[in-house]
Amino acid sequence: MHSDQASSTRGETRRQFIKRTGMATAAVAGSGLLQFPLYAGDNNPAIAIVLDESDPVVLRPPVPWAMQRLQDTLAARGVTVQLREKMEQVAPSQECIFVGGPASNIARRVLEAAAISLPDGPECLAIARGKPGQHTVLVAAGSDAPGLVYAVLELADRVRFADDPLVALRAMKPISERPANVIRSVMRAFVSDVQDKPWFNDRAFWQSYLTMLATHRFNRFNLALGLGYDFTTGITDCYFHFAYPFLVSVPGYHVRAVPLPDAERDRNLEMLRFISGETERRGLHFQLGLWTHAFKWTNSPHANYRIEGLTPETQASYCRDALRRVLQACPAIRGVTLRTHGESGVPEGEYGLWRKIFDGAAQCGRRVEIDLHAKGVNQQMINAALDTGLPVNVSPKFWAEHMGLPYMQGAIRALEMPPPNAPKTGFFALSAGSRSFMRYGYGDLLTEDRRYGVLHRIWPGTQRMLLWGDPKMAADYGRVSSFCGSNGVELFEPLAFKGRKGSGLPGGRNAYADTSLRPVFDFEKFSCTYRVWGRNLYNPDGDPDGWRRELRRQFGRGADKVEAALASAGRILPLVTVAHCPSAANNNYWPEMYTNIAMVAETNPQPYSDTPSPRRLGTVSPLDPEFFLGIDEFADELINGGRSGKYSPAWVAKRLEEAATQARWRLKEAKSKVRNPKSADFRRLAIDIPVQAGLGHFFAARFRAGVLYALYRHSGHRPALEKAIKLNHAARTAWADFAQSAKAPYLPDITYGPDHFQRGQWLDRLPSIDEDTVDLEKLLEQPSGTDIAGPKADQQVIERAMRVVLDHSPDNLHPFLKDLYNPPPSFERAKPFPVVARVPDMIAGLHLRYRRVNQAEHWRGVEMERVEHDYRAVIASEYTDSPFHLQYYFQIRSHSGKVWLQPGLEHRWHGQPYFFVQQA
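Residues numbered from 1 in each chain as written. Predicted model: local features only at pLDDT ≥ 70, side-chain atom pairs only at ≥ 80, totals over all residues. Heavy atoms only, no water.

1. Focus on the nonpolar core
Keep this limit in mind: We define a nonpolar core as any set of buried Ala, Val, Leu, Ile, Met, Phe, Trp, Tyr and Cys residues linked to one another through side-chain atoms lying within 4.5 Å. With a 1.4 Å probe rolled over the protein chains alone, any residue whose accessible area is under 20% of its type maximum counts as buried; one over 50% counts as exposed, and the rest are partly exposed. Here a strand is any run of E in DSSP of at least two residues, a helix any run of H or I of at least four, and the numbering for each starts at the N terminus. In this description, contact between two residues means that some pair of their heavy atoms is separated by no more than 4.5 Å.
Membership of the largest hydrophobic core comes to 268 residues, with the highest contact counts inside it found for W206, Y209, W533, F628 and W762. Among the elements that take part in this core, helix α20 (residues 680-715) stands out by supplying 19 residues, more than any other. Ignoring any residue separated from it by four or fewer positions in sequence, one finds W533 in contact with F218, M403, I458, W468, A474, Y477 and L491. Counting 23 residues, the second largest nonpolar core, distinct from the first, contains F827, A837, Y850 and I892.

2. Describing the pairing of strand β14 (residues 333-338)
Worth spelling out the cut-off: A pair of strands is treated as paired once DSSP finds two or more bridges between them.
Most of β14 sits out of view: six of its six residues are buried. Direction of pairing for strand β12 (residues 285-290) relative to β14: parallel, over a ladder of five bridges. Bridge pairing in β14 links F286 to I333. As paired strands, β14 and strand β15 (residues 369-373) are joined by four bridges and run parallel to one another. Note on β15: the bridge partner recorded for V336 is I370.

3. Quick word on the packing of aromatic side chains
Two aromatic rings, taken as a pair, are described by how far apart their centres are and by the angle between their planes. This is how it is decided: Stacked, tilted and edge-to-face are the three classes applied to pairs of Phe, Tyr and Trp rings, where Trp contributes its six-membered ring and a pair requires centres within 6.5 Å; stacked means planes under 30 degrees apart, edge-to-face means over 60, and tilted covers the rest. In this analysis the charged atom, NZ for Lys or CZ for Arg, is taken to sit over a ring once it is within 6 Å of the ring centre and within 35 degrees of the ring normal.
Going through the model one piece at a time under the given rule, you end up with 74 aromatic pairs. Ring geometry for F398 and Y477: centres 5.0 Å apart, planes at 70 degrees, overall edge-to-face. In this pair, F398 is assigned in the loop between β16 (392-395) and α12 (430-434) and Y477 in helix α13 (residues 471-480), connecting sequence segments 79 residues apart. The residues F398 and Y477 share a single accessibility class, namely buried. Geometrically, the ring pair formed by F483 and Y914 is edge-to-face, given 6.5 Å between the ring centres and 70 degrees between the ring planes. Pair noted here: F483 is in the loop between α13 and β18 (488-492) and Y914 is in the loop between β26 (899-902) and β27 (915-919), with a separation of 431 residues, a long-range link. The class for F483 is buried, based on a relative accessible area of 6%. Of the residues examined, Y914 reaches a relative accessible area of 2% and is grouped as buried. Positioned over the ring face of F274 is R203, at 4.3 Å from the centre of the ring.

4. Some points on the environment of R158
Examined against the element boundaries, R158 turns out to sit in helix α4 (residues 145-161). Sequence separation between R158 and D522 is 364 residues; the distance between their C-alpha atoms is 24 Å. Apart from the residues lying within four places of it in its own chain, the contact partners of R158 are M172, I175, D543, D545 and R549.

5. Section: the confidence of the model for the protein chain
Selection rule: A score between 0 and 100, pLDDT records how confident the predictor is in each residue.
Residue-level pLDDT values for the protein chain average 92, and 93% of them are 70 or greater. Ignoring residues within four places in sequence, the model shows residues 1-15, a span with pLDDT below 50, making 45 contacts including any to other chains.

6. A word on the side chain of S395
In plain terms, the rule: Any pair of nitrogen or oxygen atoms within 3.5 Å is treated as a polar contact; in protein, a donor-acceptor pairing is required on top of that, and neighbouring residues in sequence qualify only through side-chain atoms on both sides.
On the secondary structure map, S395 appears in strand β16. A polar side-chain atom of S395 sits 2.5 Å from a polar atom in the side chain of D371. When sequence neighbours within four positions are dropped, the list of residues in contact with S395 reads D371, L372, H373, A374, L455 and R457.

7. What about the sheet that holds strand β23 (residues 865-867)?
Our working rule: Fitting a line to C-alpha atoms yields each axis, with helices limited to the stretch in contact; the angle taken between N-to-C directions then spans 0 to 180 degrees.
Pairing is antiparallel in the open sheet, where three strands are placed in the order β20-β24-β23. Looking at the sheet topology across the chains shown, the edges are occupied by β20 (833-838) and β23. Pairwise comparison of adjacent strand axes, ignoring direction, gives a mean angle of 30 degrees for this sheet. Pairing of β23 with strand β24 (residues 870-875) involves three bridges; the strand directions are antiparallel. Following the sheet pairing, E865 is matched in β24 by R872.

8. A short note on unusual backbone geometry
The omega torsion of the bond from S613 to P614 falls at -5 degrees, within 30 degrees of zero and hence cis. By secondary structure assignment, the location of P614 is in the loop between α17 (572-579) and α18 (631-640). With omega at 15 degrees, the peptide bond leading from Q902 into P903 counts as cis. With a phi close to 65 degrees, A115 is a non-glycine residue in the positive phi region. With respect to the helices, strands and loops of the structure, A115 is situated in the loop between α3 (105-113) and β6 (125-130). The exposure class of A115 is exposed, given its relative accessible area of 68%. Although it is not a glycine, R217 adopts a positive phi angle of roughly 70 degrees. Examined against the element boundaries, R217 turns out to sit in the loop between α7 (203-215) and β10 (220-225).

9. Quick look at the environment of R851
Relative to the assigned elements, R851 resides in strand β21 (residues 843-852). Taking the C-alpha atoms as reference, R851 lies 13 Å from F627; in sequence the two are 224 residues apart. Excluding residues that lie within four positions of it along the chain, R851 makes contacts with G410, A411, Y442, E857, H858, W859, Y879, H885, L886 and Q887. Among the polar contacts listed, one links the side chain of R851 to the backbone oxygen of G410, at a separation of 3.0 Å.

10. Some words on the side chain of N586
Looking at the element boundaries, N586 is found in the loop between α17 and α18. Within the structure, the side chain of N586 is placed 2.8 Å from the side chain of R464, a separation counted as a polar contact. Excluding residues within four positions of it along the chain, N586 makes contact with E401, H402, W459, P460, G461, R464 and F497.

11. Comments concerning the layout of surface pockets
By rolling a water-sized probe across the atoms, one finds the places where empty space is left. So the rule is basically this: With a 1 Å grid laid over protein atoms only, a set of points is called a cavity when a 1.4 Å probe fits there but cannot get out and a pocket when it is open yet has protein on both sides within 12 Å along at least five of seven lines; lining residues have an atom within 4 Å of a point. Grid points are joined across faces, edges and corners, and a volume is the space filled by probe spheres set on the points. Under this grouping Gly is polar, as are all residues other than the nonpolar Ala, Val, Leu, Ile, Met, Phe, Trp, Tyr, Cys and Pro and the charged Asp, Glu, Lys and Arg.
For the second largest pocket, the calculated volume is near 510 Å³. Classifying every residue of the lining of the second largest pocket by side-chain character gives eleven nonpolar, nine polar and ten charged.

12. Things to note about the environment of K498
Topologically, K498 is positioned in the loop between β18 and α14 (527-538). Sequence separation between K498 and D196 is 302 residues; the distance between their C-alpha atoms is 8.8 Å. Not counting the four nearest positions on each side in its chain, K498 is found in contact with V191, S192, Q195, G508, R509, A511, I750, T751 and Y752. Polar side-chain contacts of K498 include one of 2.6 Å to the side chain of Q195.

13. Quick notes on the pattern of salt bridges
Think of it this way: side chains of opposite charge can pair up when their charged atoms draw near. Keep this limit in mind: Throughout this description, the term salt bridge denotes a Lys or Arg side-chain nitrogen within 4 Å of a carboxyl oxygen of Asp or Glu.
Counted under the stated rule, the structure contains 70 salt bridges. The salt bridge partner of E270 is R203, with a shortest N-O separation of 4.0 Å. Residue E270 is located in helix α8 (residues 262-281), and its partner R203 is located in helix α7; the two are separated by 67 residues in the primary sequence. Judged by its relative accessible area of 33%, E270 falls in the partly exposed class. By relative accessible area, R203 is classed as partly exposed at 38%. A salt bridge links K561 to E669, with the nearest nitrogen and oxygen atoms 3.8 Å apart. In this pair, K561 is assigned in helix α16 (residues 559-570) and E669 in helix α19 (residues 649-673), connecting sequence segments 108 residues apart. Residue K561 is classed as buried on the basis of its relative accessible area of 15%.

14. Quick word on the pairing of β6
Burial runs high along β6: five of the six residues are buried. Note: β6 against strand β7 (residues 137-142), six bridges, orientation antiparallel. Note that in β7 the partner of R129 across the bridge is L138. Linking β6 back to β7 in an antiparallel pair, the connection comprises six residues.

15. Thoughts on α3
Which entries qualify depends on this criterion: As used here, the arc is the angular range of directions from the helix axis to the C-beta atoms.
Within α3 the residues assigned to the buried category are A107, V110 and L111. Each buried residue of α3 sits inside an arc of 95 degrees when the element is viewed along its axis, so together they form one side. Exposed and oriented more than 90 degrees from the buried face of α3 are E112 and A113. For α3, the capping residue at the N-terminal end is S104, with a side-chain oxygen 3.1 Å from the backbone nitrogen of A107. The positive-phi residue at the C-terminal boundary of α3 is A115, with phi of around 65 degrees.

Below you can see the structure in the form of structure tokens.
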């Protein structure tokens with residue numbers, strides 16, 4: 001929602017407003033009282049609502065819709081609503097809600113008396129009880145229409161889930177909130193004729209879904225078309241893939257999607273008009289994603305639609321005119337998202353074609369946003385979009401195509417850096433060449449002098465179908481999504497890419513075989529996820545009651561245990577993703593239903609083409625190699641010394657075991673306390689939490705086993721191999737246990753693509769895990785030392801290393817580390833930047849690691865100089881002379897050889913592990 005949504009109703013009278021919006025159905029003659037419908041009889045409790053006539057904000061869309069939502073919610077709880085024009089018409093003893101904006105004197109007086117204020121800026125809200133005169137009122141105020149919508153919907157949400165709605169309203173504490181992020185978006189992608197047509201055409205679904213998004217303070221919705229395939233080959237289900245001919249007929253062209261009937265095409269456009277209109281009615285910005293501009297399918301004999309009437313010569317002009325026609329037909333569309341790299345079907349570097357397409361947006365007759373998917377983007381493409389005069393966002397991937405820990409990735413993997421022999425021509429000349437660092441991160445976008453916005457997009461590789469929601473993680477994402485002045489974050493919805501690449505099957509997107517587990521609408525399973533993320537992206541320091549009230553209604557006395565179980569389970573896979581990334585592509589790496597990568601040799605079929613060779617467990621890179629160690633890297637450190645302080649596979653294993661154990665324990669406690677353990681709501685999470693906990697135990701055992709095997713390869717030390725085999729058996733047991741428990745409730749073939757690693761069930765993955773164990777056990781039959789890689793390591797060194805790997809004791813971090821250093825608020829460009837840290841004598845040394853906030857560059861390091869009680873280093877003026885901000889951290893060495901990172905990750909692996917200083 002944006003404050004620039006001007007109302008066409010400014011200046012209308014209150015009665016005209018009520019008549020237009022349908023907020024009241026009857027007027028009581030002579031009384032000045034306008035009554036809402038009575039849903040629960042004439043003797044039910046009543047509440048008055050006064051809209052401040054003096055404030056034009058209350059007349060602007062979408063406030064009428066929000067007021068109707070509040071009315072309906074109160075009525076559903078048996079409370080009669082009476083709309084009054086003035087406070088004088090309210091009896092002093094009657095419960096009253098007063099709705100106003102920044103110009104409301106009554107709202108201002110009540111807020112001041114409650115010692116809060118309505119913040120300046122867009123989308124702010126304030127709620128407080130007070131007595132501005134004879135009446136006690138509950139004030140709901142907004143800085144603009146979106147902020148007022150949030151305030152009104154907050155009241156409606158509390159009423160909906162309260163045991164006694166009037167008591168809940170009377171007990172409200174003062175609230176004053178402002179958004180932490182300009183954009184808080186959800187993307188939903190149409191990728192399957194079978195799976196997605198039902199929700200696309202369901203008006204009741206959209207009304208419920210969009211209401212939920214608005215209630216939880218998301219302010220943008222992105223409907224993505226054309227994301228069903230990565231390339232133009234092997235296409236079968238291509239509904240909406242090249243979207244224009246599925247929506248419009250463009251005069252002057254004879255372009256059609258054959259055999260789509262004209263009537264169905266017209267219904268599609270009408271449905272898009274309805275969806276975008278309902279989005280706007282709730283105050284959300286509607287974004288249309290058009291990810292494919294290819295119109296010819298290659299090697300696709302089974303495609304269910306083909307595009308006719310278009311040639312390479314007419315492609316650009318047709319796309320321009322079709323885009324303009326779609327935007328003119330759907331006036332509520334506020335922006336378009338475009339993929340301009342080779343996967344769009346257009347060779348990279350075709351700036352003329354994209355300029356024409358951008359013109360389609362510029363010529364539609366209103367101001368719409370152009371959002372460029374960041375992969376392969378360069379300044380020339382950005383300038384082409386900026387030349388339209390329209391607002392431009394560039395949207396990089398947050399953690400490649402996955403969800404990692406809640407901080408901006410310290411470094412991209414080495415494979416993402418431009419190769420020395422980068423191609424200069426061809427379809428992927430940029431994204432696979434000089435701009436390859438833009439494939440999976442923010443790259444070099446975050447310059448101080450940029451003229452475009454940056455919106456980080458969280459892709460759906462890590463979390464897809466399992467129920468998750470950690471409030472702490474969501475809050476930290478809320479804090480970091482404005483990094484370097486970024487606009488915010490867009491979250492791929494849960495279940496994104498279900499049925500992709502023609503793999504859609506009947507049975508619903510949630511993929512439940514047990515029909516009693518299927519919700520009415522697919523998103524309802526993830527109600528807690530949306531609630532936790534939307535509210536924390538808006539205000540990371542907001543009242544936890546915002547997500548707890550629904551849990552209390554669902555689970556009664558067990559609500560706090562359910563929250564704790566979901567939080568512990570929800571932390572597992574993001575940590576796995578950051579520590580172990582065999583592929584940055586969600587198409588290949590699906591941690592929820594992981595395809596095993598061999599420990600011993602690259603023998604098992606596996607999809608991880610972007611893992612270093614030889615492709616086996618030990619060589620897999622972390623997704624953040626600046627702060628995490630791979631398995632072989634950790635083994636090398638244990639054997640050769642030279643600790644880096646990076647988070648090791650053993651450290652990760654310990655954290656995973658803790659989270660998995662906590663999740664299971666909290667779930668067990670919840671089951672004994674919840675209101676109805678047989679409810680579908682509880683049964684769904686009672687299935688998914690053990691799966692995530694089991695994955696935690698599986699990966700913990702695999703990581704430890706991998707390091708022990710690496711130690712064996714360096715030494716031939718059979719106890720290390722024997723323990724690796726034992727841990728691999730433990731990993732297999734953990735997997736088999738949760739896979740068996742998930743067999744009955746879920747369908748036997750859960751499809752996110754046609755390939756074996758994109759579909760199936762957890763039990764299907766056991767054979768490759770077993771093959772890996774067999775390969776390990778074969779090594780026991782060989783003479784000791786046969787498989788040694790490099791010089792043979794000392795046996796005592798290996799024994800000590802094994803104890804480190806198997807250590808389950810908590811870390812003993814010195815408390816002084818937290819107070820080692822406080823960064824300055826800024827630095828001056830082209831001036832030396834001194835870094836001074838004060839530490840106790842027990843520290844043996846400090847090493848400074850630093851980098852400009854530019855993922856195309858490598859981190860640098862310098863040993864800090866001891867001067868009395870300080871350690872000092874200087875980042876040179878030549879290095880600070882750039883348009884980028886700075887990030888840095890310390891490696892702290894003790895005399896005993898231990899190394900810590902400062903600031904490092906906080907408790908439960910949250911926080912930013914580096915300092916960040918912006919240019920003055």
